[in-house]
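Each chain, letter by letter, is given below.
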Amino acid sequence: MNTESDKEQFLKEFGSDYGYPNAPKNIDEIRATEFKRLNSTVYLDHAGATLYSESQMEAIFKDLNSTVYGNPHSQSSCSLASEDIVAKARQQVLNFFNASPREYSCIFTSGATSALKLVGETFPWSSQSSFMYSMENHNSVLGIREYALSKGAAAFAVDIEESTHLGESESPKSNLKLTQHHVQRRSEGGELKEGMTGNAYNLFAFPSECNFSGRKFDPYLVKVIKEESERIVGSSQYGRGCWLVLIDAAKGCATDPPDLSKFKADFVVFSFYKLFGYPTGLGALIVRNGKQLNKKTNISYAAKLMKKTYFSGGTVAAAIADIDFFKRREGVEEFFEDGTISFLSIAAIQHGFRIMNMLTTSSISRHTASLAAYVRNKLLALKHENGEFVCTLYGLLSSKMGPTVSFNMKRPDGTWYGYREVEKLATLAGIQLRTGCFCNPGACAKYLGLSHLDLLSNIEAGHVCWDDRDILHGKPTGAIRVSFGYMSTFEDVMKFVNFVENNFVILSSNWSAFHPSSISPPVEGIGKAAARHFLTSITVYPIKSCAGFSANQWPLTSTGLLYDREWILKSTTGEILTQKKVPEMCYITTLIDLNLGKLFVESPRCKEKLQIELKSNSLATGRDEMDIQNHRYEVRSYNNEVDIWFSNAIGRPCTLLRNSGSQSYSCINKNGSPGMCRDVGARLNFVNEAQFLLVSEESIADLNSRLKSNGRKSTGGQAVQVGAMRFRPNLVASGGEPYAEDRWRHLNIGGKYFTSLGGCNRCQMININPEAGEVQRLSEPLATLAGYRRAKGKILFGILLRYENNTKTKSDAWLRVGEQIFSNGDSN
C-alpha cells in the first residue's frame, strides 16, 4: 500500500478539517515537538485517556518550581495564591462549557465517577421519584441507580432514537423519540397520590457521547425532558414531578463540550485527563444555579435540593465538638468539596486549557472526526477473498459520530475473531487500542445483540469484565475500539488500517496463517531430519514463574514431574504473582537436591541462600484453601522469615505457598465449562493448563531462521534469537521435522505414556528477555509466531501433555534424557 498516495486522497477529502492549518503549530509540528515519545507507538485509546504534551508538563513543572502554593484553607500569602489559582480554574471550566457563573458553579471532585457519586448520594430521592437513563451509559452512571432504588424510587432505561431527516418546519425536539424499558423497583412506592407530584424530583442521565460506539447524543434532550417529560414518559406516574438532567461529558467534552448557555442541564460531569492527559484523579461537577428560586442565598437550585449529610474541614463555617451543633458554609463549592481540594493538580489545569484554547475544540473536533470517518470507510470496505465483509461497525445509524470507531471482525466462514486476539496482535505491532465493553454494558448488549439470557449465560460461564472470554456461545462478548485525540495523525490511521488488512483479511496467499488445520511450513534451509525423536532436556520449575533447573533424570508423579510448580508466590492482595507482572521473578533460581531433601533458592537481591526442607514442616505455619485456574488447592504457608526473603527478592511484599498435593481437585464452572484450564480432569500443581509443556529443537531452529530472515533486531541492535528456555518447557525433544509435535496424539517416552492436549497458546511472557542483567520487554518472538502459528485466536508453539499414570505398574517411574520418543499421531 502506498501511504503517500493514500494521504493525498485523504487530504483531498478532509484537507480542510485535518491538521490545524490555522493554528500556531500544525499536526506534524505538534507530533515532532510535543509527542516524541510516540515515535514507535500508535496510541489509539484517547477515549480511555488522552495524552499530555511535553510543553504542558514543562509549564506545570516551571509553575510548581517557581510558585509556593499553600493549603487554601488559610489566610497566608501562599494560601491566597492557591485560592486565587483555584478561582481562576473554576472560571476556566465554566468558560469551556460556555456557562455563566451566575447560572452554574464548578465543584472539583476526584474525577467524573466521584462527581456522579456525589449526585447520586445527595439527590432528593423519594418513593415518588424516577431515575431515567439512556441504555448507552457508563457503569458510573448506572451506579446512581443504587441510590435511587434504595430510597424506593423507580428506575428505568430508555432507548433514544432520532430521525436523520428533518423537515424545514420541524424542531430538533420533535426529532427525538424515547422508548422505555422495564421499570425497576426494590420497594413499592405505591400509586402517586394527588397533591404529591410537586414534591417528586426525578433525574434523567445521558452521555454527550457514547464511549462504546462514539454516537453523539442530541443536546436538545435537555429541553425535551424538561419541557415535554409527560409526553416522553407517558401519562404514568413516572413522568410527573420536576425533572433534572445530568450529562456525562467525560467522553465527549474533549471534542464537543455541551454548550450550557443553550442547553440548561442541571449537572455536567467530566475528568481532566480525558481533555488533555494530565492531571489524573481530578474532575468536576458543574451544577446549575437557579437563583430566581431563592434570591436570598448563593446556594444554587441543584445544590439546594441535594441532601448532604457529612461535613468536613472546609465545608463548615463553625462546629462545636461536644454538642450537636455545626453551621455549614453557604458557598456551593465550599459546601460540597470535602477536605482540602487537590490544589496543586488544579493549578496544573490552566496549562492544559492553554493547548485546548490554542487549537480550539471545533478544530480538534474536525481533525479527529476526519480520521475517524476515514477509518470507518476503510474498515467497511474490507472484504475477504470469498467476498465476505470483514468488519461489523457499531453506531453508524446515528446522525452524528464522535472520534471513536467500535467494531468486530469475522473470518471468511462467518465466525468471529476474538477481540483479545486482535488486542494481542495490535500490542505486538506497537498499536495501543481498547477491547471489551468499555464499562458500558447497555451499549455493549444493544450493539452486539446480546439478550438478557445471553448476558446471564455468559456470567454463568464465568465471564467478567477484563477477562479473556471474548467469544461465548458463538457471539462476541465485547468489541474492538479505536479512538482519536488532538495529536492523532493520518500516519497513525494508516498503520492501524494496514495492521487490520495484513492480519485479518484472508487471501489465498495468507490463508495458512489463519487456518487451524494448515500451519505454515518451515522456512527454507531447515532440512528434514531423521524421523526418530529423542528427549534431550528435562527442566523442573519448583516455584511458578521463577527459574527452573535441568536434570538428566527425574521422577514422575500423578501431578507431572516431582515438585514441578508445587510452590507459588502470592501478593498481599491475593494475586498470584508471575513474570507477566513481576518480570524480576526470572532472576530467582531454584535447585532441588533429592538426596538432601532440600529446595535451594537464590536471588541476586538476597545475600543468603534460602533452604526449604521438602519433607519437614519446620518452616510451615498454616494451611488454607484457594481456587486457581479452576482448580481448588489445599495450600501450606511458611513463616515470616521465608516471606521476607521472597519479598526482598522481588521487591514487593509477598508470601510463599505450597500445594499440599493430594488435596487438590478440579473446580469447574457451574455449566460444566473448564474455563482456562485445559486439563481439568488431571491432578495438577500450580500450572495454567496442563502437567507438561514440550517443545522441539527443530521448531525452535525454524523460528530462529524466520526471525533472522525477517531482520528482527533486539533493543541492542543484534538479531533476535531465542533458546528453548524462553518458552519454559518441561521437556525438549529433537529429531524429525519442525512442528512434527503438532501431529502427536499419544506418546511413549521410555515406556511412560503421555497424551497430547494440543498446542500451547503463547502469551507476552515469552517476549521477556532476562539477559544482560536486566529485564527487557520485546515484541519478539511472539510477533513472528503470530505471522505463521496463529489458529482461531491462538498463537501456538509447543504442545501440552498429560501423564497417563498407571500406579499398578509404574510406582517409581522416571524420565531420562536420551530416551526415545514414539508417537502414533500420524496414524490417528
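So, a few notes on the structure that sits alongside this text. Residue positions are counted from 1 within each chain, in the order its sequence is given. Whole-chain, interface and lining totals are the exception, using all residues; otherwise, since this is a predicted model, local features are given only for residues with pLDDT of at least 70 and side-chain atom pairs are given and counted only at 80 or more. Side-chain descriptors were evaluated using all non-hydrogen atoms of the structure, hydrogens and water having been removed beforehand.

Here the focus is the nonpolar core. In this text, buried Ala, Val, Leu, Ile, Met, Phe, Trp, Tyr and Cys residues form a nonpolar core when linked through side-chain atoms within 4.5 Å. Burial classification: accessible surface area is computed with a 1.4 Å probe over protein chains only, and a residue below 20% of its type maximum counts as buried, one above 50% as exposed, and the rest as partly exposed. Formed by 134 residues in total, the largest nonpolar core has its most connected members in Phe-108, Phe-272 and Phe-496. By the convention used here, residues are in contact when the closest approach between their heavy atoms is within 4.5 Å. Here Phe-272 is in contact with Val-93, Phe-108, Gly-277, Pro-279, Leu-282, Gly-283, Ala-284, Ile-349 and Phe-353, once residues within four sequence places are set aside. Ile-543, Cys-606, Phe-646 and Phe-692 belong to the second largest nonpolar core, which has 47 residues in total.

Counted as salt bridges are all cases of a side-chain nitrogen of Lys or Arg within 4 Å of a carboxyl oxygen of Asp or Glu. As enumerated under the stated definition, the model contains 31 salt bridges in all. Here Glu-421 makes a salt bridge to Arg-790, at a shortest N to O gap of 2.5 Å. Separated by 369 residues along the polypeptide, Glu-421 in helix α14 (residues 419–428) and Arg-790 in strand β37 (residues 790–791) bring together distant segments of the chain. The burial state of Glu-421 is the same as that of Arg-790; both residues are buried. The salt bridge involving Arg-565 is made with Asp-564; its shortest N-O contact spans 2.6 Å. For Arg-565, a relative accessible area of 13% puts it in the buried group. Its relative accessible area of 3% is what places Asp-564 among the buried residues. Three or more residues are tied together by salt bridges with common partners; here these are Glu-136, Glu-162, Arg-215 and Lys-446. Helix numbering and strand numbering both begin at the N terminus, where a helix is a DSSP run of H or I of at least 4 residues and a strand a DSSP run of E of at least 2.

Here a cavity denotes a set of grid points, spaced 1 Å apart and computed over the protein atoms alone, in which a 1.4 Å probe fits but from which it cannot get out, and a pocket denotes an open set meeting protein on both sides within 12 Å along at least five of seven lines; residues with an atom within 4 Å of a point are reported as lining. Grid points are joined across faces, edges and corners, and a volume is the space filled by probe spheres set on the points. For the coordinates displayed, the defined rule picks out one cavity of 30 Å³ or more. Taken together, 18 residues form the lining of the largest cavity, with His-46, Ala-254, Lys-274, Phe-484 and Gly-485 sitting closest to its centre. Among the secondary structure elements, those contributing two or more residues to the lining of the largest cavity are α9 (273–276) and α13 (361–381). When grouped by side-chain class, the residues that make up the lining of the largest cavity number nine nonpolar, seven polar and two charged. Three categories are distinguished: nonpolar for Ala, Val, Leu, Ile, Met, Phe, Trp, Tyr, Cys and Pro, charged for Asp, Glu, Lys and Arg, and polar for the others, with Gly belonging to the last.

Turning our eyes to something else, we now look at the layout of surface pockets. Leftover empty space is mapped by rolling, across the atoms, a probe with the size of a water molecule. Taken as a whole, the second largest pocket encloses approximately 540 Å³ of empty space. Contributing elements (two or more residues each) for the lining of the second largest pocket: α4 (77–96), β2 (104–109) and α11 (332–336). A per-element tally of the lining of the second largest pocket places α4 first, with six residues.

We call a pair of cysteine sulfur atoms a disulfide whenever their separation is within 2.5 Å. As enumerated under the stated definition, the model contains one disulfide in all. In this model Cys-437 forms its disulfide with Cys-444; the gap between the sulfur atoms is 2.0 Å. Its S-S torsion of approximately -45° makes the covalent link between Cys-437 and Cys-444 left-handed. Judged by relative accessible area, Cys-444 falls into the buried class, the value being 2%. Free cysteine Cys-763: the closest other cysteine sulfur is in Cys-760, separated by 8.1 Å. Here Cys-763 falls in the partly exposed class, since its relative accessible area comes to 23%.

Think of a sheet as strands paired side by side through backbone hydrogen bonds, with each pair either parallel or antiparallel. Sheet architecture is open: three strands sit in the order β24-β25-β26, paired in antiparallel fashion. Two strands in the sheet have a free side with no partner beyond their single neighbour: β24 (589–593) and β26 (610–613). Direction aside, neighbouring strands of the sheet carry axes that sit 20° apart on average. A pair of strands counts as paired when DSSP detects no fewer than two bridges linking them. In this structure, β24 lies alongside strand β25 (residues 598–602), joined through five bridges in antiparallel fashion. Helix axes use the C-alpha atoms of the stretch in contact, all axes being lines fitted to C-alpha atoms, and the angles between their N-to-C directions lie in the range 0 to 180 degrees.

Bringing the side chain of Glu-566 into the picture now. Along the chain, Glu-566 turns up in the loop between β22 (560–561) and β23 (567–571). For Glu-566, a relative accessible area of 11% gives the class buried. If sequence neighbours within four positions are ignored, Glu-566 has contacts with Pro-542, Leu-657, Arg-658, Asn-659, Asn-685 and Phe-686.

Glancing now at the side chain of Asp-643. Tracing the sequence through the fold places Asp-643 in helix α18 (residues 640–650). Counting rule applied: Lys, Arg positive; Asp, Glu negative; His and chain ends not counted. Buried charge Asp-643 goes without a salt bridge, the closest partner of opposite sign being Lys-570 at 9.4 Å. We define a polar contact as two N or O atoms separated by no more than 3.5 Å, with the added condition that, inside protein, one atom must be a possible hydrogen donor and the other a possible acceptor, whereas residues neighbouring each other in sequence contribute only through side-chain atom pairs. Engagement of the side chain of Asp-643 in a polar contact is seen with the backbone nitrogen of Leu-656, the distance being 3.0 Å. Not counting the four nearest positions on each side in its chain, Asp-643 is found in contact with Tyr-638, Cys-654, Thr-655 and Leu-656.

The buried count for helix α15 (residues 441–448) comes to six of eight residues, which makes it a mostly enclosed element. Every buried residue of α15 is accounted for by Gly-442, Ala-443, Cys-444, Ala-445, Tyr-447 and Leu-448. Turning to α15, the residues buried within the fold contact β13 (404–409), α16 (452–460) and β17 (475–476). Gly-449 sits one or two residues past α15 and shows a positive phi near 70°.

On to the environment of Phe-686. Structurally, the position occupied by Phe-686 is in the loop between β30 (665–666) and β31 (692–696). In sequence terms Phe-686 and Ser-545 are 141 residues apart; their C-alpha atoms lie 10.0 Å from each other. Not counting chain neighbours up to four residues away, the residues in contact with Phe-686 comprise Lys-544, Arg-565, Glu-566, Trp-567, Ile-568, Ile-628, Tyr-633, Val-635, Leu-657, Arg-658 and Asn-659.

As a further point, take the sheet that holds strand β21 (residues 553–557). Spatial ordering of the open sheet is given by β22-β21-β39, a layout of three strands whose pairing is antiparallel. What marks the edges here is a single partner per strand, and that holds for β22 and β39 (814–816). Relative to β22, β21 runs antiparallel, the two sharing two bridges. By the bridge assignment, Leu-556 is partnered in β22 with Leu-561.

Turning to the pairing of strand β33 (residues 746–749), a few remarks are in order. A regular strand places its side chains so that they alternate between the two faces of the sheet. As defined by bridge partners, β33 adjoins strand β34 (residues 752–761) across four bridges and the pair is classed as antiparallel. Directly across from Ile-749, in β34, lies its bridge partner Lys-752. In this antiparallel pair of consecutive strands, β33 and β34, the connection spans two residues, and Gly-750 shows a positive phi of 60°. Relative to strand β40 (residues 820–823), β33 runs antiparallel, the two being bridged by three bridges. Its bridge partner being in β40, Ile-749 is matched across the sheet by Ile-821.

To continue, consider the packing of helix α1 (residues 3–14) against helix α17 (residues 490–504). Their axes nearest at 11 Å, the elements α1 and α17 cross at an angle of 120°. On the basis of the axis angle, α1 is oblique to α17. In the crossing of α1 with α17, the sense of the turn from one axis to the other is right-handed. Side by side, α1 and α17 meet where Thr-3, Asp-6, Lys-7 and Phe-10 of the first sit next to Phe-490, Glu-491 and Met-494 of the second. Of the residues belonging to the contact of α1 with α17, the class tally is three nonpolar, one polar and three charged. The scheme is simple: roughly parallel for angles under 35 degrees, roughly antiparallel for over 145, roughly perpendicular for 65 to 115, oblique for anything else. Left-handed describes a crossing in which the near helix is turned anticlockwise from the far one by less than a right angle; the clockwise case is right-handed.

Note on placement: Asp-467 falls in the loop between α16 and β16 (471–472). The contacts of Asp-467, once residues within four sequence positions are left out, are Tyr-419, Arg-420 and Gly-462.

Attention now moves to the pairing of strand β8 (residues 267–271). For β8, a buried count of five out of five residues is recorded, marking the element as mostly surrounded by other parts of the structure. The side-chain alternation of β8 yields two buried faces, one formed by Phe-267, Val-269 and Ser-271 and the other by Val-268 and Phe-270. Here strand β7 (residues 242–248) pairs with β8 via three bridges, running parallel. When the bridges of β8 are listed, Ile-247 appears paired with Val-268. Pairing of β8 with strand β9 (residues 283–288), which is carried by five bridges, proceeds in the antiparallel orientation.

In this description, a pair of aromatic rings is defined by centroid distance and the angle of the planes. Aromatic contacts are taken between Phe, Tyr and Trp rings whose centres are within 6.5 Å, Trp giving its six-membered ring; a plane angle under 30 degrees counts as stacked, one over 60 as edge-to-face, and the others as tilted. Counted by the stated rule, this structure contains 38 aromatic pairs. Taking the centre distance of 5.2 Å and the plane angle of 35° together, the rings of Phe-10 and Phe-14 count as tilted. In this pair, Phe-10 and Phe-14 both sit in helix α1, four residues apart, roughly one turn of the helix. Assessed through its relative accessible area of 1%, Phe-10 is described here as buried. We count a charge as sitting over a ring when the NZ of a lysine or the CZ of an arginine lies within 6 Å of the ring centre and within 35 degrees of the ring normal. Here the guanidinium or amino end of Arg-481 rests over the ring plane of Phe-438, the centre of that ring lying 4.5 Å away. Lying over the aromatic face of Tyr-788, Arg-706 brings its terminal NZ or CZ to 3.7 Å of the ring centre.

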